[in-house]
Structures are given as structure tokens and as C-alpha cells.
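# Observations on chain architecture
Chain residues, written in single-letter form:
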Amino acid sequence: MRAAVIQFPGSNCDRDMAVAIREVTGAETALVWHRESELPANLDLIAVPGGFSYGDYLRSGAMAARSPVMQAVIAAAGRGVPVLGVCNGFQILTEAGLLPGALMRNAGIRFVCREVKLTVENSQSIFTSRYQAGEEIVIPVAHHDGNYFADEATLDRLEGEGRVAFRYAEEVNGSARNIAGILNDAGNVLGMMPHPERMIEAVQGGSDGRRLFEGFIREIA
Amino acid sequence: MKTRVFVTLKNGVLDPQGKAIHHALEGLGFEGVNDVRAGRLIEIDHEPGVSQDQFEEMCRKLLANMVIENFEIEQKG
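Cut-offs used in this document
Residues numbered from 1 in each chain as written. Chains lettered and ligands numbered in written order. Predicted model: local features only at pLDDT ≥ 70, side-chain atom pairs only at ≥ 80, totals over all residues. Helix = DSSP H or I, 4+ residues; strand = E, 2+ residues; numbered from the N terminus. Rg over C-alpha atoms; globule rule 2.2 N^0.38 Å. Buried ≥ 20, exposed ≤ 12 C-beta atoms within 10 Å, placed from the backbone. Contact = placed C-beta atoms within 7 Å. pLDDT = per-residue confidence, 0-100. Nonpolar A, V, L, I, M, F, W, Y, C, P; charged D, E, K, R; others polar. Pairing = 2+ DSSP bridges. Axes fitted to C-alpha atoms, helices over the stretch in contact; angles between N-to-C directions. Parallel < 35°, antiparallel > 145°, perpendicular 65-115°, else oblique. Left-handed = near helix turned anticlockwise from the far one by under 90°. Expected span 1.5 Å × (residues − 1). Arc of directions from axis to C-beta.

## Observations concerning the overall build of chain A
The number of helices and strands found in chain A is six helices and eleven strands. Its C-alpha atoms give chain A a radius of gyration of 15 Å, near enough to 17 Å, the size a compact globule of 221 residues would have. C-alpha atoms of chain A, sized along the principal axes, occupy 40 × 35 × 35 Å. Looking at the 221 residues of chain A, the share that counts as buried comes to 53%. Taking the contacts inside chain A whose residues are at least 6 apart along the sequence as the reference set, 75% of them involve residues at least 24 apart.

In C-alpha cells form, the structure reads like this:
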């Protein structure tokens, strides 16, 4: 298996993400700089990591979404290559148009950095098959702009099509319908604000994030 | 030439920053403020040949997020 983790100026979860992917899936994982216009060949997974790409200038993820490497990521996603965006990565995927909606300033204004309870809504995707639907898991969040917004019609469609992957089981940031993570219509792109790569072994305080990567290798094997 | 682009949140989109500013104004004793919405002003210095259409494209492609924001373009000359 081969994976790539995209690095932007200001990314800070890129190495954690690469370690999690290597550790759990054994994938050969390349770090790819934002100025690249091509990705390594035959990728099984592209991860867009957390952080503060381009200093969050203009809007979180706005500049990164227009970088050369993202044109390659958009093209790969269109061919069905799995793409996982976490935190700033989720913001970048919405800004790039790979996922609907937008992530706005947290309703409480404050940066939220703590473990939160999530409910798994969809356990049928390539990213979530090792979870049970309705199961409660604990994964940390660390964000200022995690307040998911989309118009009512889009929210209804996401729910109707089973594209809400994770929901907050507690109030975190004011997200519409407590949405914490969503899938694209083809199911190969997942964006989520919580950080599964920070919960892959007991020493990190829990391993509920590990199953996302375990499920992924099982599904694509 | 200079052109100003105003980017504002669409009606109905909650603006926590505007709310915080509103509370701060009340805390300073200013009365009669009904609501505050925060936006962004982008000032672009450019050649005379840049058209209105090009500015609109800039807004749609980068300056505004059309899911949550509106834009207004003001040519200053």
C-alpha cells in the first residue's frame, strides 16, 4: 500500500498523520510539498493533515485549496483515490470543493482543544467499517474554525445519503446538526475535524482513531 | 487604480465574531446598537485594464467563499 501526506507551510499534524498511517497500515508513506504539481504514482490514500496552512490567511484552508498540489489531489479524488482530510485538511477539502459546506469560526469563539465524544453515524464507508453505527468513541479536537455550515437542502441530502460519518455526541463548536465528519457522494473522500491520528495507541490516551486506519486497509485490500 | 472588495457573511449565517464585538460595544457603554456583522475589506491596486468580470471571477474563485459569503466590488478610480 502507498500513501501520501500533503505538507503546506503551516501544516503541523503532517508527521503525526504519516506515523499513524505507517504504524497502522504499513503503507509506504511519502510527504508531498504543496508546490508539487504531481503526486506519487499508484496511491491508495492521500491524507490532507491538520495545522494552519498559510497561517489561515483569508479563510482557513482557502489558500491551500488553490495550491498546485491540490489540483493533483482533486484530479486523483475524481479518479476514486481515497482522500482523508483531518481538521485543517477538512477545511481545505471544503474550500477545494471536494466536500460541500464550510467550516466557520466556533460558535463559542474560543479555540477548542480537548477530547470529545463522537457518535459513528456511517459504518459502511472505506474509512469507518471497523466501527459500529451508533457507537460512541472518543477522539480529540483542536480547532478554532470547526463550526460546520451548509444550507438546509445540503444537510438533508447529506443525512439522506448516509454521508454524515461522525457526529459530536456533545456540544463542541456549534456545527449544524452536530456534524463532525462527512463523506463525498462517491464515498472516497472523508473530511473530519477530530484527529484520529492522535488516538492510535494507549499511550496517547486511547486508540479509537486506530480503527479508522485498520478499517481502511481491510476495505482496500 | 484601486478597487475595493467587501466580503460579508450571507444573511442567516451566524456570525460569532460580530456577536462578540456587539457584546464588547455594550460593555463599553454604547447604547442603541442592534446587531453587528463582521466582514472583510480587500483593497486591490491594479492596472486600468482589469475588468469588472475579472474582479467577479477573483471573488468567486478565491476572495469569497460563496457557500457562506457575499461580495461587493467598489471601483474607486
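## Points about the confidence of the model for chain B
Averaged over all residues, the pLDDT of chain B equals 94, while 99% of them reach at least 70. For this predicted complex, the interface score ipTM comes out at 0.87, while the overall pTM is 0.95.

## Some details on the interface of chain B and chain A
With nine residues of chain B at the interface, the matching set in chain A holds twelve residues. Tallied by class, the residues present in the side of chain B that touches chain A amount to seven nonpolar, two polar and no charged.

## Considerations on the sheet that holds strand β3 (residues 69-75) of chain B
The strands making up a sheet associate through hydrogen bonds between their backbones, and the pairing can be parallel or antiparallel. All names here are of chain B. Here three strands make up an open sheet; going across it, the order is β2-β1-β3 and the pairing antiparallel. Of all strands in the sheet, those bounded by a partner on one side alone are β2 (40-45) and β3. In this sheet, neighbouring strand axes are inclined to one another by 20° on average, regardless of whether the strands run parallel or antiparallel. As defined by bridge partners, strand β1 (residues 2-9) adjoins β2 across six bridges and the pair is classed as antiparallel. When the sheet's bridge partners are listed, Thr-3 is paired in β2 with Ile-44.

## A word on the packing of helix α1 (residues 14-25) of chain A against helix α6 (residues 210-220) of chain A
All names here are of chain A. At a minimum axis separation of 9 Å, α1 and α6 run at an interaxial angle of 55°. Comparing their axes, α6 and α1 come out oblique. Note that α1 runs across α6; the crossing there is right-handed. Residues Ala-20, Ile-21, Val-24 and Thr-25 of α1 lie in contact with α6, whose contacting residues are Arg-210, Phe-213, Glu-214, Phe-216 and Ile-217. Each residue belonging to the contact of α1 with α6 can be placed in one class, and the counts come to six nonpolar, one polar and two charged.

## Considerations on helix α1 (residues 16-27) of chain B
When the terminal C-alpha atoms of α1(B) are compared, their 16 Å separation across twelve residues agrees well with the 16 Å that a helix rising 1.5 Å per residue should span. Immediately downstream of α1(B), the backbone of B:Gly29 shows phi near 95°, a positive value.

## What about the environment of A:Ala41?
As for its placement among the helices and strands, A:Ala41 is situated in the loop between β2 (28-33) and β3 (45-48). Accessibility expressed as a C-beta count within 10 Å gives 6 for A:Ala41, which makes it exposed.

## Some points on unusual backbone geometry
The phi torsion of most residues other than glycine is negative, and most of the peptide bonds are trans. Non-glycine residue A:Leu58 carries a positive phi angle of around 70°. A positive phi angle, near 60°, is found at A:Cys87, a position not held by glycine.

## Brief notes about the environment of A:Ser175
All names here are of chain A. Relative to the helices and strands, Ser-175 resides in the loop between β9 (164-168) and β10 (179-183). Residue classification places Ser-175 among the buried positions, given that 22 C-beta atoms sit within 10 Å. Along the chain, Ser-175 and Arg-15 lie 160 residues apart, while their C-alpha atoms are 28 Å from each other. For Ser-175, the contacting residues outside a window of four places in its chain are Gly-146, Asn-147, Tyr-148, Tyr-168 and Ala-180.

## What about helix α3 (residues 68-78) of chain A?
Residue and element names in this part refer to chain A. When α3 is considered as a whole, its buried residues turn out to be Val-69, Met-70, Val-73 and Ala-77. Along the long axis of α3, the arc covered by the buried residues comes to 95°, so they all point the same way. When the buried face of α3 is taken as reference, the exposed residues oriented beyond 90 degrees from it are Pro-68, Ala-75 and Gly-78. Buried residues along α3 sit against β1 (2-7), β2, β3, α2 (62-65), β4 (83-86) and β11 (189-192). Of the residues flanking the end of α3, it is Gly-80, one or two places downstream, whose phi is positive at about 100°.

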